[in-house]
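Read off the chains here:
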Amino acid sequence: MLENFSFRTIVEYLPLFGQGLVTTVWLSLISFAGALAVGIVLSAMNLQRGWLFRVPAKAYIDAVRATPLLAQLYFLYFGLPRLGFVLPELVVGILALSLNSGAYVAEIIRAGILSIPRGQVEAGVASGMTYVQRMRLVILPQAFKVTIPPLLGQAIVLVKDSALLSLISVAELTRAGQLLASDRFMPAEGFITIAAFYLLLYYCLKGLAALSGRWLGLQPARSST
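Residues numbered from 1 in each chain as written. Predicted model: local features only at pLDDT ≥ 70, side-chain atom pairs only at ≥ 80, totals over all residues. Heavy atoms only, no water.

To continue, consider the overall build of the protein. Within the protein, the regular secondary structure consists of 9 helices and 0 strands. Along the protein, helices (α) and strands (β) appear in the sequence α-α-α-α-α-α-α-α-α when read from the amino end. Along the first, second and third principal axes, the C-alpha set of the protein runs to 75 × 65 × 25 Å. With an accessible surface of roughly 13000 Å², the protein has 69% of that area assigned to carbon and sulfur atoms. (Helix = DSSP H or I, 4+ residues; strand = E, 2+ residues; numbered from the N terminus. Areas by Shrake-Rupley, 256 points an atom, 1.4 Å probe, with all protein chains shown as cover.)

Structure (structure tokens):
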């Protein structure tokens, strides 16, 4: 079964896969940082009582979650130049991942904020804190403790979604496998190698999520006996 499978070709292309892996990791980190920023702003808007902030935030979240990431990516890549905004492929990819994942992060953070006891918020109001001070000093520190595990789960999704950037010629991990498949006509070698690297990233993030949950006291540590 493996007699036609070329491990030598995979080894030959390992530097290209290594470069793609590094690109995938750092663009995922930047995109997730952007998603956190977008998510915090959207969750704060969505928790407002007035419709002026809540309705646009909810509309954005619903629109992003109801449409495929690929459609959003193509809109930014092909649509923005028609509007006079020409951006490099990598910037478009990071922007698409940040805006898409930000909608999901917003719901995670909103759920974490709503899990904070109402009495603590009222105590902040009674002590004269402004809304920004209550969010920064009382609510968000506790909310992030609850939301770190699901946020890491969303980070895993974002890393896998980054494979779509190969469709706009970003030189990330999936693009490296595509190049091997097209150069040597060896799709099995290319895409199995891609899968192995993504599996490695998955288990790294999964382990980080488990460690964070144990460190935060959200799950019991395994007994040594």
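As a further point, take the UniProt feature "transmembrane region" (unreviewed entry) in the protein. Per the UniProt record, "transmembrane region" (unreviewed entry) is found at residues 25-47, 59-78, 90-109, 137-159 and 185-205. The span residues 137-159 is 100% helical and 0% strand by assignment, and the distance between its end C-alpha atoms comes to 31 Å. (UniProt positions renumbered as here; feature names shortened; annotations may be inferred.)

Attention shifts here to a nonpolar patch on the surface. Together, Trp 51, Leu 52, Phe 53 and Val 55 line one region of the surface with nonpolar side chains, adding up to about 470 Å² of accessible area. By the secondary structure assignment, Phe 53 is in helix H3 (residues 51-66). (Patch = residues over 30% accessible without salt bridge, like charges linked within 9 Å, V, L, I, M, F, W, Y side chains within 5 Å. Salt bridge = Lys/Arg side-chain N within 4 Å of Asp/Glu carboxyl O.)

As a further point, take the packing of aromatic side chains. Under the criterion given, the structure shown has 5 aromatic pairs. With a centroid separation of 6.0 Å and an interplanar angle of 20 degrees, the aromatic rings of Phe 17 and Phe 197 are classed as stacked. A residue pair is termed long-range when its members are at least 10 positions apart, and Phe 17 in helix H2 (residues 14-46) and Phe 197 in helix H9 (residues 187-215) qualify at 180 residues. Take Phe 17 and Phe 197: they sit in the same class, and that class is buried. Ring geometry for Tyr 202 against Tyr 203: centres 5.2 Å apart, planes inclined by 65 degrees, an arrangement best described as edge-to-face. Among the aromatic residues, those joined into a ring-pair cluster are Tyr 74, Tyr 77 and Phe 78. (Phe/Tyr/Trp six-rings, centres within 6.5 Å; stacked < 30°, edge-to-face > 60°. Buried < 20%, exposed > 50% of the residue type's maximum accessible area, 1.4 Å probe, protein only.)

Quick look at the layout of surface pockets now. The calculated volume of the largest pocket comes to roughly 340 Å³. Lining the largest pocket are 13 residues, with Leu 47, Arg 118, Val 121, Tyr 131 and Ile 139 sitting closest to its centre. Residue assignment for the lining of the largest pocket shows that the elements contributing at least two residues are helix H5 (89-114), helix H6 (118-126) and helix H7 (131-161). Ranked by the residues each element gives to the lining of the largest pocket, the list is headed by H7, at 4 residues. There is about 260 Å³ of room inside the second largest pocket. In terms of lining residues, the second largest pocket is bounded by Thr 24, Val 25, Ser 28, Leu 29, Phe 32, Leu 152, Ala 155, Leu 158, Val 159, Leu 201, Cys 204 and Leu 205. Those elements giving two or more residues to the lining of the second largest pocket turn out to be H2, H7 and H9. (1 Å grid on protein atoms, 1.4 Å probe; cavity = no way out; pocket = protein on both sides within 12 Å on 5 of 7 lines; lining within 4 Å. Points joined across faces, edges and corners; volume = space filled by probe spheres on them.)

Further remarks concern H7. Between the first and last C-alpha of H7 there are merely 35 Å, a value that for 31 residues lags more than 12% behind the 45 Å anticipated at 1.5 Å per step. The axis of H7 is deflected most strongly, by about 50 degrees, at Thr 147, and proline Pro 149 appears within four residues downstream. (Expected span 1.5 Å × (residues − 1). Bend = angle between axes of the 7 residues up to and from the residue.)

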